[in-house]
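Structural description and commentary
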Amino acid sequence: MKLLKKILTKLNGLHYSQEYLCIADGSFQQPLHVYLVDKNRVVKDITNLHAFVGYCPLIFAITSDNVYSETVNIAFSTKTLLSNEILSAKDAIAFLTMKKIPGFSATGDNIQFFEGAKGSHHFISRFHQNIIQLNNRLYHKKPGNVFLAGNLYKQVQIAYSTPRNISLITVGSNERFNLFPTDLHGPLDETKYLISLRHEGKACRQVTILQKLLLTQVESTFYKTVYALGKNHMQELKHRNNFPFSADSSANFQLPIPESAILYRELELQDSFIHGIHRIMLFKTLSQQGMQSNEPSLAHIHNVYATWRHKQGLTGNYLLR
């Protein structure tokens, strides 16, 4: 089996060994555009108007006063296009078909949620895609690992072809805290913010009980520390000395601010619902404060897209762990 795994790894066509590649978000050149499309006609550019809040299943959130249909098509392209322009098939290197799902019961009426139904891309050849899918089936079904079966794995690869910010969440009180990363989040407007956590995780339980948290964007140079904090999703609250906190605290909640902070938001839980493995939570933004830092923030992308960029001669300046 070890020999087979080595063979599949050698044949997968990927240029980088790590599945997710960290980047300095501000320095990432020529990212993809994300469009809502209808019969190859651009409805809207949603590159900066959607939040990626779930990977099992794949879930996007879009805030709009327009009511979208039960099924939407989303295209990823290098082209810069306006509404009503035609996006030809050759100019779209990835597609997602998504279906509407129920959202919050009492709040956020203009937030629409969509679950991935099918994804396809041209980041790497069909042969290499099949090799990766086979490797996924054989070796990613492990205890404690969320297995992305079938086409879902391809949908997730597509979702991470747009840089996803990795921020840190501080939660706790009375000198007992937790600090853990999230990339399933995003602002809906100046007063609403979405965060998604695995609903069976200890971190999610801590947030739902305490209902207040600090969400901090951090410098990209902090990437190794941020990834190492991933295990804290399943950890209990601990004394603050166990975490890389600075000496500063947030303005209202007095929660400790992590080192290398660029910007923090103080968020208060308003509503939530469970879908798949995720609890998707709507927060009210109570304050936002920038720190004295000129460094770009931390984000990451998937290897299949990074491989496509490499073949196109596009730089990545990846931060390899």
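For the structure given in this document, a descriptive report is provided here.

Analysis parameters
Residues numbered from 1 in each chain as written. Predicted model: local features only at pLDDT ≥ 70, side-chain atom pairs only at ≥ 80, totals over all residues. Heavy atoms only, no water. Helix = DSSP H or I, 4+ residues; strand = E, 2+ residues; numbered from the N terminus. Buried < 20%, exposed > 50% of the residue type's maximum accessible area, 1.4 Å probe, protein only. Expected span 1.5 Å × (residues − 1). Contact = heavy atoms within 4.5 Å. Polar contact = N/O pair within 3.5 Å; in protein donor to acceptor, adjacent residues only side chain to side chain. 1 Å grid on protein atoms, 1.4 Å probe; cavity = no way out; pocket = protein on both sides within 12 Å on 5 of 7 lines; lining within 4 Å. Points joined across faces, edges and corners; volume = space filled by probe spheres on them. Nonpolar A, V, L, I, M, F, W, Y, C, P; charged D, E, K, R; others polar. Patch = residues over 30% accessible without salt bridge, like charges linked within 9 Å, V, L, I, M, F, W, Y side chains within 5 Å. Areas by Shrake-Rupley, 256 points an atom, 1.4 Å probe, with all protein chains shown as cover. Salt bridge = Lys/Arg side-chain N within 4 Å of Asp/Glu carboxyl O.

1. Overview of unusual backbone geometry
- Residue Pro57 is bonded to the preceding Cys56 through a cis peptide linkage, with omega at 5°.
- Even without a glycine there, the phi angle at Asn174 is positive, about 50°.
- By secondary structure assignment, the location of Asn174 is in the loop between strand E10 (167–173) and strand E11 (176–182).
- For Asn174, a relative accessible area of 73% translates into the label exposed.
- Non-glycine residue Asn317 carries a positive phi angle of around 50°.
- Tracing the backbone shows Asn317 in the segment after helix H6 (303–311).
- When its relative accessible area of 51% is taken as the criterion, Asn317 is described as exposed.

2. Description of helix H2 (residues 126–139)
- With 14 residues, H2 extends 20 Å between its outermost C-alpha atoms, agreeing within 8% with the 20 Å of an ideal straight helix rising 1.5 Å per residue.
- Listing the buried residues of H2 in full gives His128, Gln129, Ile131, Ile132, Gln133, Asn135, Asn136 and Tyr139.
- Of the surrounding elements, those touching the buried residues of H2 are helix H1 (2–11), strand E8 (111–121), helix H3 (151–159) and H6.

3. Looking at the environment of Asp45
- Within the secondary structure layout, Asp45 lies in strand E3 (residues 41–45).
- The exposure class of Asp45 is partly exposed, given its relative accessible area of 30%.
- Distance in space between the C-alpha atoms of Asp45 and Ser297 is 23 Å, their sequence separation being 252 residues.
- Within polar-contact distance, the side chain of Asp45 engages the side chain of Thr47 at 2.6 Å.

4. Describing the layout of surface pockets
- Volume-wise, the largest pocket comes out at about 1100 Å³.
- Residue lining of the largest pocket: 33 residues in total, with Tyr20, Tyr55, Tyr160, Asp183 and Arg198 positioned closest to the centre.
- Those elements that place two or more of their residues in the lining of the largest pocket are H3, E11, strand E13 (192–198), helix H4 (202–210) and helix H5 (223–228).
- Looking at the lining of the largest pocket, the element that brings in the most residues is E13, giving three residues.
- In terms of residue class, the lining of the largest pocket is made up of 17 nonpolar, eleven polar and five charged.
- The computed volume of the second largest pocket comes to approximately 570 Å³.
- Contributing to the lining of the second largest pocket are 23 residues, with Thr47, Asn48, His50, Pro163 and Arg164 lying nearest its centre.
- At the level of secondary structure, the elements contributing two or more residues to the lining of the second largest pocket comprise strand E4 (50–55), strand E9 (164–165) and strand E12 (185–187).
- Classifying every residue of the lining of the second largest pocket gives eight nonpolar, ten polar and five charged.

5. Description of a nonpolar patch on the surface
- Residues Leu3, Leu4, Ile7, Leu11, Phe127 and Leu138 make up a contiguous nonpolar surface patch of about 540 Å² in total accessible area.
- Contributing elements (two or more residues each) for the nonpolar patch: H1 and H2.
- For the nonpolar patch, the element with the highest residue contribution is H1, accounting for four residues.
- Relative to the elements of secondary structure, Leu138 occurs in helix H2.

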